[in-house]
Amino acid sequence: MAVRQAATAGTPGPRREEEAALLFERAHYRHDPRWLLPVTPRLCLACALELLPDPGVSLVRKKHMLSCFRDALVRHTSLVTQLVSQDQRVCIHFISVLFGLLCSMEDGSVTDLCIEVLIQITTQLKLEQTIRCLLDECHKELCNMPSMRGSLATLTLLGKLVDAIPALADELVMEHGNLMEHLLRGLVYPSEGIQASVCYLYGKLYSSPVAAEMLSGHFREKLFPLFLSILDGAQTKELQINCLGLLRQLLKYDLFVSMIMNQDGLAESAKNIEGSSGNTSLPLVLKKLLLSRDETLQVASAHCITAVLVHSPAKHAPAFIHADIPEFLFEHLSSSSEVLVWSSCNCLTLLAEEPLFFSKCHTVYGIEAVVRSLQGSLKMNNIELHKQGLLLFAEILTRQPEEIKLFTSSAMCRDAGHALQEAVSSPVLEVAAEALKATSAFLRKDHQSTPPVQYGELRALLEAMLNRCAEFSQTLLNRRPLGHASSRDSEKAILQKGKFLLSTLEGFRSACRLAIEFQSEPSAQENPFTAPSAKKEDTLEAFSEFLLSACDSLCIPMVMRHLEQTTHPALMEVFLSILHNLFVIVPHMKEKFSKKLASSSFIRLTLELKARFCSGLSHSALNQVCSNFLYYMCLNLLSAPEKTGPPSKEELSAVSELLQHGLPQISSRSPESLAFLSDRQYMEGAARQRQYCILLLFYLAYIHEDRFVSDAELFEAVQSFLLSLQDQGERPPLVVFKASIYLLAICQDKDNTLHETMVSAIRKFLEGIPDLQLVYTHHPLLLRFFLLYPELMSRYGHRVLELWFFWEESSYEELDDVTSAGQPALPASLGVLFQLLRSIPSILLILLDLIYSSPVDTAHKVLISLRTFLRRNEDIQVGGLIRGHFLLILQRLLVEHGASPSGASGNLPLLLSLLSLMQLRNVSEQELDSMAMKLLHQVSKLCGKCSPTDVDILQPSFNFLYWSLHQTTPSSQKRAAAVLLSSTGLMELLEKMLALTLAKADSPRTALLCSAWLLTASFSAQQHKGSLQVHQTLSVEMDQVLKALSFPKKKAALLSAAILCFLRTALRQSFSSALVALVPSGAQPLSATEDTVLAPLRMSQVRSLVIGLQNLLVQKDPLLSQACVGCLEALLDYLDARSPDIALHVASQPWNRFLLFTLLDAGENSFLRPEILRLMTLFMRYRSSSVLSHEEVGDVLQDVALADLSTLSNTTLQALHGFFQQLQSMGHLADHSMAQTLQASLEGLPPSTSSGQPPLQDMLCLGGVAVSLSHIRN
């Protein structure tokens, strides 16, 4: 009564009729207004407290009040919470009233409303006393209940309360422990509704780890067998779902999983529990649910199986397998439900970890369902389903025993290949990565149908796999870092790329192993069903050649690009094992493939890997793979040498044994290997063998132009090695001595000669060799080596020259053709010989002897060589021949080293520099002859094959091209420009160079960038002027150009001038060049009216450019200032043509006046600088009186009249003439005296200044950059 009195104190007052249903009329007038909700619905808490328990109030009215109270809680949560929490006694009483109403009502809708309101109030108030009150009421109700018949509402409330407040689970178990006995009573009560509520509450209790631990004994002794029986016999979906929910919670704990899966423990516990059956087991119960037609139950059952298996597949999987559950899971893979398919795949993946899964042939039964499910899921957008299906497929393919064939028909095998092909081509990286693993497992001999092997399908699968990897790698290459924050993303991307590449290589290695295994099976060599007359493409030989081609064109480039970023031992182990396998797969191509690998620096690469990762006992597998790869590659190279006879079988056998024992012991870096080779101390057998191996590796690398150590150091090391052999009285194997002689000859500097002791030692070694051919390697430097030392020449000169001409393959007929126009270039080999002939005339005697004593072919070659030498030495004109020689040398270089001209010759940059300097010496304009055009073509071709890092080659090449364009007649300019524009490689290189302008790191590339911008401006001007054909457009980002001008590099005035030259050309062409395409940078803002008029420029870009030009002018660099003024002129012309108002606005900026007077403050008569004169002319042309007033113009003219014009340069005089003409054309001078002064000044100018001709000394080399001053200015 005290609580009710506290709630009812207040003054009476009338209320509206529509609120009558929510108010207790006969008592409401006594209630304090603070218990009335201030918003709609106008609920009175005091009225509710009196109305709800009143038996005289109808059920409908009570239900209406509860419904309104629930709605108010949802819509006005804070207001209702404040209303209820005003007095804690009232709050507790209200909860008691609601709970009493809950227990007394049999209407389900009323009880649901009561439960909902109680849960909302309890969770919103968060008062411990109210929660404890509600728990006590529930506990008291269950304890006082003689039967569980009316417990449904209380149990439901408890379950939902624990669900809303999970922390209550621990409190219920600790403080209301005997509640569990009542739950057991409800579990055995014959009402599935009550049982479902009990299971729901149990599920919430066991979701808490603390409560679950405390209830473990209760579960083991009482709940466990009873629960499984109820689940097995459940009829309603509600009970089934709640039982499965409880099961899911129990299966989180290993203890409960062990209990549930222990059949013996289940039977023992069932004896003591009434209503339980000992014959029930979890696998059988879940199997029953799997067989139901309810998708929800099927998914829940699959989840429960998964929850059991994750604890220990090896321990629990057999029970499910014996229950034939895999069979039904495979059936569910054909379901249209993505959730059910995913769940089934997840279960099967875990079951596949048990060998029994395969021995009972479940996979043979279900593989077709897996493939079809995978094909269907790949057409959906569910990425997780794709990944899970591929994971299952990969597990089955990997673990399937070889003796049990998985694919029983070729059609099924083909479908599997098609599914994998589609999966590896997925744009989603995670899906493609899983597909790669499955592909690697699929490429097993026992998985392929024989006969026939479907090589065409396998090839398509591998092509898709490799193309996807190449596409992914290229995507990462195209993403450029945008700042420091992207470095971590870049590292992550490299790591991701490495993993994807590793998976791709593992799949490719599986294909290689498959090809090797099929070599021993005659039935797998080709399709036996192919008609005899048909072209046999689907053969093992064709597949093997495809593997070699794919490795060469895709695998190797991808790995080498990845090596530029990082090196991963596991990846390199797989990669080198692939290369090793290819020697076996394509035996008829192994020598050619080995030569290509050696010439691509693979000997160096492998040795670096061994040195970096294989020292000591680390990475033993990688060491073995590297050693095997080197072993087979070295044997292949030694078995088929170029221009010399192959070694005998005995020699090869000895070398094979030597490499087999020595290569695994080599794990040192190149300097350490050289030091070990130079060691003169006593060497035992194993150490000497290691020296032999190191020497052979250097030899084979040098033969294939892979010079990865210093020539001088190697030269000294080989000498020490030979002297050590002499000291110990040893004779090396012939192949080793052959390598030593070759390396001495190759590494010997022209100014260095061997000591007499070394020459004597070499001669003694040679004396023990029956024929020099056994140690001869065809090379001009080896010829020079034998002929340079009299002691060797006297004994071996004749034989070495005979071998030389026998193996020499130069075109001697062309050398002897005196009627041909022009003189062909002398081969490098004969150049060495002729040089020796000039320095050692006695060699001529040996050549004469060879003419008489050699075979006809050899003698003919010697004769032609002698005639050529005598003809060429009559009158040597080095300067006159250099252009022709250089052209042919360049042509040969591009043919022999087209892929990498930078590594062809270290002297190439010097030759190019010489060529460009010779061009600079041509003072007057000259027509370009055919030789010059060819040189232009070849130099542009050379540039097109270089990368931006080849600065030494590109800088002189660009200088030569630039001067050739600007130092000739207009007609030749047009021809030259057409030739250069046809070189797409050069255009692509220029585009790359322009994109590098904003590179942050300062590098020696700045000068090269200047040349690139100047060349681009020249090409664009000539193309536009002559309407020349464009084969390759250049894309330039306007914003990036403006950024380069706004933030110029330090000490890069010439670079800014070159960019301005380019920009001036583009403005004069109104951005209509067919050669240069200006592309936007990223997302573009909405265009304003001004932007539309100025398109493709935006007004913001105009402002940025003007500010950049002003800032650059302030630097007061003469050449840069002229370039700035020229660009500003072009800009204002461009603006004036589109919007004269904007042009006038830009020209009249107040800052221009400040800029002009800043420049005029540079010193005495600074106004006579050409850039300032042009700037004033420009401002006058746009009538910018705010920049330069009438009086100031008069002052300038007076100063000009006083100046000595004869001392001014032609450039200044031209600018002054333009200034006067502008003033005269404008009629700017109203003063008669000033007009006379102007007329006198104009007449005083030399007549040549008005012709517009550039000065004679126009071509300069500034900082290594070819520059035409007239091009920069005009």
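Worth saying up front: this structure is predicted, and the values here are computed from it rather than measured. (Residues numbered from 1 in each chain as written. Predicted model: local features only at pLDDT ≥ 70, side-chain atom pairs only at ≥ 80, totals over all residues. Heavy atoms only, no water.)

Colleague: Teacher, can you tell me more about the overall build of the protein chain here?
Modeller: Each helix and strand counted, the protein chain has 65 helices and four strands in total. Burial status across the protein chain gives 53% buried among its 1274 residues. Partitioning the intrachain contacts of the protein chain with sequence separation of at least 6 by distance along the chain shows that 74% fall at a separation of at least 24. For the protein chain, the accessible area works out to roughly 56400 Å², and carbon and sulfur atoms hold 53% of it. (Helix = DSSP H or I, 4+ residues; strand = E, 2+ residues; numbered from the N terminus. Buried < 20%, exposed > 50% of the residue type's maximum accessible area, 1.4 Å probe, protein only. Contact = heavy atoms within 4.5 Å. Areas by Shrake-Rupley, 256 points an atom, 1.4 Å probe, with all protein chains shown as cover.)

Colleague: What is the right way to look at helix α42 (residues 790-807) in this model?
Modeller: Residue pairs three or four apart in sequence face the same way in an α-helix, which turns once every 3.6 residues. Its axis deflected by about 70° at Y796, α42 carries its strongest bend there. Here α42 has its buried residues at L792, M793, Y796, G797, V800, L801, E802, L803, W804, F805 and W807. (Bend = angle between axes of the 7 residues up to and from the residue.)

Colleague: When you look at the side chain of T306 in this model, what are you seeing that I'm missing?
Modeller: Here T306 shows up in helix α19 (residues 295-309). Given a relative accessible area of 10%, T306 falls into the buried group. In this structure the side chain of T306 is engaged in a polar contact, spanning 2.9 Å, whose partner is the backbone oxygen of A302. Apart from residues no more than four positions distant in its own chain, T306 is found in contact with S343, N346, C347 and L350. (Polar contact = N/O pair within 3.5 Å; in protein donor to acceptor, adjacent residues only side chain to side chain.)

Colleague: I tried to follow unusual backbone geometry on my own but got confused; where do I start?
Modeller: Negative phi characterises most residues that are not glycine, and trans characterises most peptide bonds. Unlike most non-glycine residues, S1070 shows phi in positive territory, near 55°. Looking at where S1070 falls in the secondary structure, it is placed in the loop between α55 (1053-1068) and β2 (1076-1079).

Colleague: How should I be thinking about the side chain of H362 in this particular structure?
Modeller: Along the polypeptide, H362 turns up in helix α24 (residues 362-377). Not counting chain neighbours up to four residues away, the residues in contact with H362 comprise I321, D324, P326, E327, F330 and F357.

Colleague: I tried to follow helix α33 (residues 602-613) on my own but got confused; where do I start?
Modeller: When the terminal C-alpha atoms of α33 are compared, their 16 Å separation across twelve residues agrees well with the 16 Å that a helix rising 1.5 Å per residue should span. Residues F602, I603, L605, T606, L607, L609, K610, A611 and F613 constitute the buried set of α33. Buried-residue contacts for α33 involve α30 (540-563), α31 (569-585), α32 (590-599), α34 (620-639) and α37 (685-703). (Expected span 1.5 Å × (residues − 1).)

Colleague: Teacher, can you tell me more about the pattern of salt bridges here?
Modeller: Close approach of charged atoms allows side chains of opposite charge to pair. Inspection of the entire model under this criterion finds 25 salt bridges. For the salt bridge of E767 with R795, the shortest nitrogen-to-oxygen distance reads 3.7 Å. With E767 in helix α40 (residues 756-767) and R795 in helix α42, this pair connects stretches of sequence that are 28 residues apart. Taking the relative accessible area as the measure of exposure, E767 reaches 44% and is therefore partly exposed. Under the relative-accessibility criterion, R795 is labelled partly exposed at 44%. Through salt bridges that share partners, R70, D71 and E116 make up one connected network. (Salt bridge = Lys/Arg side-chain N within 4 Å of Asp/Glu carboxyl O.)

Colleague: I keep staring at the environment of C44 and nothing clicks. Help me out?
Modeller: Mapped onto the fold, C44 is located in the loop between α2 (25-28) and α3 (45-51). For C44, a relative accessible area of 2% gives the class buried. In this structure, the C-alpha to C-alpha distance between C44 and D32, residues twelve residues apart in sequence, is 9.4 Å.

Colleague: What exactly am I supposed to notice about the packing of helix α14 (residues 216-233) against helix α18 (residues 282-290) here?
Modeller: In a pair of packed helices, the angle between the axes and the distance between the axes together describe the arrangement. At a minimum axis distance of 10 Å, the contact between α14 and α18 shows a crossing angle of 20°. If you check the angle between α14 and α18, you find them roughly parallel. Crossing of α14 against α18: the hand is left-handed. Taking contact as the criterion, the partners of L228, L231 and D232 in α14 are, on α18, L282, V285, K288 and L289. (Axes fitted to C-alpha atoms, helices over the stretch in contact; angles between N-to-C directions. Parallel < 35°, antiparallel > 145°, perpendicular 65-115°, else oblique. Left-handed = near helix turned anticlockwise from the far one by under 90°.)

Colleague: So what exactly am I meant to see when it comes to the pairing of strand β3 (residues 1259-1262) here?
Modeller: On a regular strand, one side chain projects to one face of the sheet and the next to the other, so that they alternate. In terms of strand pairing, β3 meets strand β4 (residues 1265-1268) through four bridges, oriented antiparallel. The residue of β4 that forms the bridge with C1261 is A1266. The loop that links β3 with its antiparallel partner β4 comprises two residues; one of these, G1263, has a positive phi angle of about 60°. (Pairing = 2+ DSSP bridges.)

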